[in-house]
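Fold and contact review
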Amino acid sequence: MISGFLHHDKVGEAYRLFVKMPKRDKFSWTLMITCFIRKGELEKARELFDLFSHKGDAAFWNAMIGGYAKKGKVVEAKRLFDEMPVRNVVSWNLMLSCYTRNGEMRLGMEFFKGMAIRDVVSWNLMVDGFIEVGDLTSAWEFFEKIPYPNVVSWVTMLSGLAKRGNISEARRLFDQMPSKNVVSWNAMIGAYVKDYQIEEAARLFREMPKRDPVSWTTMIDGYVHVGQLDKARKLLDQMPYKNIAAQTAMLSGYIKNKRMDEACQVFNETAARDIVCWNTMIAGYAHMGRMDKALNLFKEMENKDLVTWNTMIIGYAQTGEMDKAVKIFEEMKTRNVVSWNSLITGFLQNGLSLDALNSFKLMANEGYIPDHSSFACGLSACANLAALQVGKLMHNMVLKSGYVNDLFVGNALITMYAKCGRVLYAQLIFKDLEKVDVISWNSLITGYALNGHGKEAIQLFYRMVLKGVLPDHVTFIGVLSGCSHIGLVDQGLKLFKNMTEFYFIEPLVEHYACIVDMLGRAGMICEAFEVVKGLKVRENAGIWGALLAACKTHGNLKLAKIAAKKLMEYEPHKTSNFVLLSNMQAEAGSWDEVENMRLLMKETEAEKLPGCSWIEVRNRLHCFLSNMPMQPETEEVYSRLKVLTSQIRNLDWISDLTL
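These numbers come from a predicted model, not from an experiment.

In contact at an axis separation of 10 Å, helix α13 (residues 182–194) and helix α15 (residues 213–225) are set at 5° when each is read in the N-to-C sense. What the angle tells us is that α13 and α15 run roughly parallel. Facing V182, N186, I189, G190 and V193 of α13, the residues of α15 in contact are V214, S215, T218, M219 and G222. Grouping the amino acids of the contact of α13 with α15 by side-chain chemistry returns five nonpolar, five polar and no charged.

Structure follows, in structure tokens:
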């Protein structure tokens, strides 16, 4: 019964039965210790070990040493090994594996030399240990010295060579094998598959004298990885006894290639679905934005794990349904950091930065330790809200948590300080990073541009190029924006030309918007309009918005009407475009057109978005919406404002009397 509970991972029930046993033998004790070890509860396993008085059997000691080895507790394992009254070859090999599994090859070598008993397993452990630490030379030396190598010896060395990319040497070794079993064939096929040599893998597969489910699954997975889905499906259909691994590989291939109907067919054909199969299918629907299908499977699934729940949160976040994402999150009985990160990222992606920050705070309050992804999202939210004080607090948390040199977090810090107007801090973060990538350079270049330091943005761009870092689309958006802010038209146009002709980057509409904005700010409205007319990409609201703003600045009503008309097509419910044109018409004295614009606003049902502002007080963000219902805190704010307004008026009245 205890063995049955162990098999089904029911440790609590196994232990309760063990306690109730009227008489226990060494097998009962060993089994219960093994049960705790497999569950990772070494302390409880050691308690039982110490309670058992008859410790003469080596198997009893071996179970405990094996547990320490799996957990990397080398010192504890060696201490126990030294206390053993009697050791067998398994004991010696378990202690050796403790060294080799944990990369302690120097100690492993010393222990190997002093071993009283050795067998082929001992040699294989040394070969495998050297392979794992990347020392193929020592591994090969040991392999050649094995007195009587077995199939495991050959396969271990073969897999090691293949893992390090030495496929030709692995094949040479395979051909030299005195006898090959199905594991050997599978190892060589797997090596070819990982190296994307699918035809070689297929040739070897056809030559196999005998195949097992691993052979079939490896080949199906190989065809999937190189995108040959029809061949993978044909092989799956030929497979004598289909297993869940092969079907899930096929399922994953169809999903990656957005062939959801065929994926659904494979899913329906899978009789014994495991949790990975369910999660793969749900993730496929979520990735495609078909959350209705994902939800149906989610409801149908009996045994959900954290991956299932997190996938649903991510799926709803990607489709902009944050209310449903929050509902799923709240229904979770247990959560992990990934669950919180999925929610925070969802808020961030949907422009709900304040909710993202509040979720970050709740996460910390509930005792979850933020990881690099949590910090990056939290800092991005601070950047969007220009919440400098909260950002600084988060920076302190980053320093304490040890993520200060994480590139993901470092880039988020640069952006946060830049968007909060602290370019010097952003520059210091950039300089302190141990390693920078193109995103780091882009973050600082964009930061300079945002804060009106166009010359510095351009200088940093040239420094980046001299360092050998290839600029991308984002780099040029940042540097062109910098040129626009300080009126460097010639420089901007030269950079735009270099982007297309030297770096072969196809311009996006955002690049054209920068050019239009740059020309517009310089008063070159007609040239800006020509750029818009000659667009090679599909225009958007941003580019017409840049032209309209330029027309407003330089009083070009004729082109403003054209730009506003286009903007109304893209943003029919945005009132600011109507208001801007209406103001220009009023300034020109065209009151009939002002009235027509007012009527057009009514017809299109354009509504003014509620004004939103926020303020940081004592490291806390307070958000105010113009249409926010009166809350006790809001009433107090308005009451204080009335008092302050009254006092200001009194001061003005006293000042007038004095004069």
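After that view, the rundown keeps rolling.
Looking now at the packing of aromatic side chains. For the coordinates displayed, the defined rule picks out 25 aromatic pairs. With a centroid separation of 5.0 Å and 75° between ring planes, the pair formed by F81 and W92 is classed as edge-to-face. Taken together, the positions of F81 in helix α6 (residues 74–83) and W92 in helix α7 (residues 89–101) put the pair eleven residues apart, joining distant regions of the chain. Pair check on accessibility: F81 and W92 agree, each one buried. Pairing F430 with W441 gives two aromatic rings, centres 5.0 Å apart and planes at 75°, and the pair type is edge-to-face. Residue F430 is found in helix α28 (residues 423–432), and its partner W441 is found in helix α29 (residues 438–450); the two are separated by eleven residues along the sequence. Look at F430 and you get buried, because its relative accessible area is 8%. Taken together through their ring pairs, the aromatic side chains of F461, Y462, F476, F502 and Y503 make up a single cluster. The ring centre of F267 lies 4.0 Å from the NZ or CZ of R273, which sits over that ring. A cation over an aromatic ring shows up here: K304 above the ring of F298, its NZ or CZ 4.9 Å from the ring centre.

Here we take up the nonpolar core. In terms of nonpolar packing, the biggest core is built from 188 residues, with M64, M157, M188, M219, M281, I543 and L547 touching the most fellow members. Beyond its immediate chain neighbours, meaning those up to four positions away, M64 contacts I33, I37, L42, A45, R46, F49 and L80.

Positionally, H395 belongs in helix α26 (residues 388–401). Here H395 is in contact with L413, Y417 and I429, once residues within four sequence places are set aside.

Thresholds, definitions, all that
Residues numbered from 1 in each chain as written. Predicted model: local features only at pLDDT ≥ 70, side-chain atom pairs only at ≥ 80, totals over all residues. Heavy atoms only, no water. Axes fitted to C-alpha atoms, helices over the stretch in contact; angles between N-to-C directions. Helix = DSSP H or I, 4+ residues; strand = E, 2+ residues; numbered from the N terminus. Parallel < 35°, antiparallel > 145°, perpendicular 65-115°, else oblique. Contact = heavy atoms within 4.5 Å. Nonpolar A, V, L, I, M, F, W, Y, C, P; charged D, E, K, R; others polar. Phe/Tyr/Trp six-rings, centres within 6.5 Å; stacked < 30°, edge-to-face > 60°. Buried < 20%, exposed > 50% of the residue type's maximum accessible area, 1.4 Å probe, protein only. Lys NZ or Arg CZ within 6 Å of the ring centre and 35° of its normal. Core = buried A, V, L, I, M, F, W, Y, C linked by side-chain atoms within 4.5 Å.

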